[in-house]
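Descriptive analysis of the structure
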Amino acid sequence: GDTFFDLAKLWHENRKSALSTAHAERVWSRMKRDVFPFIGHRPIHEITAPEVLKMIRRIETRGALDISRRAKQGVGQVFQFAIACGLATSDPTANLRCALKPRPRVKHMSRLPLAELPAFLEKLRAYQVQGDRRSANTKDAVMFALLTWVRSTELRLAVKSEFENLDGTDPLWRIPAARMK
């Protein structure tokens, strides 16, 4: 078939082996949820930029601006695949970038002034966890990060086998080079 769905299926099968299983599933799930209901049934050579933009606007109205950009990207990749296969002559997403709603400016948390660090540590130590193990883990992780100054990714992905001599006088954490920045 020459519908958008048919070609998206071929495109996804073609690239799936290069993606992690979880990422491949996320990409396909996004297409099923946000793209196929609107243009999946249409012959690929009949889909226009305004149709794709209308689909993207529906995603934007939910406030999912990142998802709208990823959906546009996925649709564009399907069209590039179709062009390479000789089933389409142009990519209607090529000129949509300026039509997308801009992403909101990211506001990062400001640093904690050094003078406030002792009070923060006291509050952290005094914080009583009420039966939720995740809160206890978060409290311990924050304290561990402050003591080791590791990046959050290194901390979150740590496994017990990386630690040596935990009960001894000189405990050691060996972070694999592959996880280091």
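See the structure printed just above.
Residues numbered from 1 in each chain as written. Predicted model: local features only at pLDDT ≥ 70, side-chain atom pairs only at ≥ 80, totals over all residues. Heavy atoms only, no water.

**Considerations on the overall build of the protein**
- A count of helical and extended segments in the protein gives 7 helices and 2 strands.
- For the protein, the succession of helices and strands along the chain, N to C, is α-α-α-α-α-α-α-β-β.
- Here the C-alpha radius of gyration of the protein, 24 Å, is well above what a compact globule of 181 residues would show, namely 16 Å.
- Residue burial in the protein is summarised as follows: out of 181 residues, 30% are buried.
- For the protein, the computed accessible surface area is about 12800 Å², with 56% contributed by carbon and sulfur atoms.
- Within the protein, one finds 32 positive and 19 negative side-chain charges whose respective centroids are separated by 5 Å. (Helix = DSSP H or I, 4+ residues; strand = E, 2+ residues; numbered from the N terminus. Rg over C-alpha atoms; globule rule 2.2 N^0.38 Å. Buried < 20%, exposed > 50% of the residue type's maximum accessible area, 1.4 Å probe, protein only. Areas by Shrake-Rupley, 256 points an atom, 1.4 Å probe, with all protein chains shown as cover. Lys, Arg positive; Asp, Glu negative; His and termini not counted. Charge placed at Lys NZ, Arg CZ, Asp CG, Glu CD.)

**So, the packing of helix α2 (residues 21–40) against helix α3 (residues 49–61)**
- At a closest axis distance of 10 Å, the pairing of α2 and α3 adopts a crossing angle of 145°. Here the hand of the crossing between α2 and α3 comes out right-handed. The segment α2 lies against α3, with D34, V35, F38 and I39 engaging M55, R58 and I59.
- Among the residues making up the contact of α2 with α3, the classes are represented as 5 nonpolar, no polar and 2 charged. (Axes fitted to C-alpha atoms, helices over the stretch in contact; angles between N-to-C directions. Left-handed = near helix turned anticlockwise from the far one by under 90°. Contact = heavy atoms within 4.5 Å. Nonpolar A, V, L, I, M, F, W, Y, C, P; charged D, E, K, R; others polar.)

**Here we look at a nonpolar patch on the surface**
- On the surface, a cluster of nonpolar side chains totalling about 220 Å² of accessible area is made up of L112, F120 and V142.
- As for its position among the elements, L112 is in the loop between α4 (65–84) and α5 (117–126).
- For L112, a relative accessible area of 40% translates into the label partly exposed. (Patch = residues over 30% accessible without salt bridge, like charges linked within 9 Å, V, L, I, M, F, W, Y side chains within 5 Å. Salt bridge = Lys/Arg side-chain N within 4 Å of Asp/Glu carboxyl O.)

**Observations regarding the packing of aromatic side chains**
- Applying the stated rule across the entire model yields 8 aromatic pairs.
- Taking the centre distance of 6.0 Å and the plane angle of 40° together, the rings of F4 and F79 count as tilted. Pair noted here: F4 is in helix α1 (residues 4–15) and F79 is in helix α4, with a separation of 75 residues, a long-range link.
- The class of F79 is buried, set by a relative accessible area of 1%.
- Ring plane angle 40° and centroid distance 5.4 Å describe the contact between F144 and W173, whose orientation is recorded as tilted. You can see F144 sitting in helix α6 (residues 133–148) and its partner W173 sitting in strand β2 (residues 172–173), a full 29 residues away along the chain.
- You can call W173 buried: its relative accessible area is 16%.
- Through a chain of ring-to-ring contacts, three or more aromatic side chains come together here, namely F4, F5, W28, F36 and F79. (Phe/Tyr/Trp six-rings, centres within 6.5 Å; stacked < 30°, edge-to-face > 60°.)

**A look at the side chain of E162**
- Checked against the element boundaries, E162 lands in the loop between α7 (152–156) and β1 (163–164).
- A relative accessible area of 7% places E162 in the buried class.
- Within polar-contact distance, the side chain of E162 engages the side chain of W173 at 2.9 Å.
- Setting aside anything within four residues of it in sequence, one finds E162 in contact with L157, L172, W173, R174, P176 and R179. (Polar contact = N/O pair within 3.5 Å; in protein donor to acceptor, adjacent residues only side chain to side chain.)

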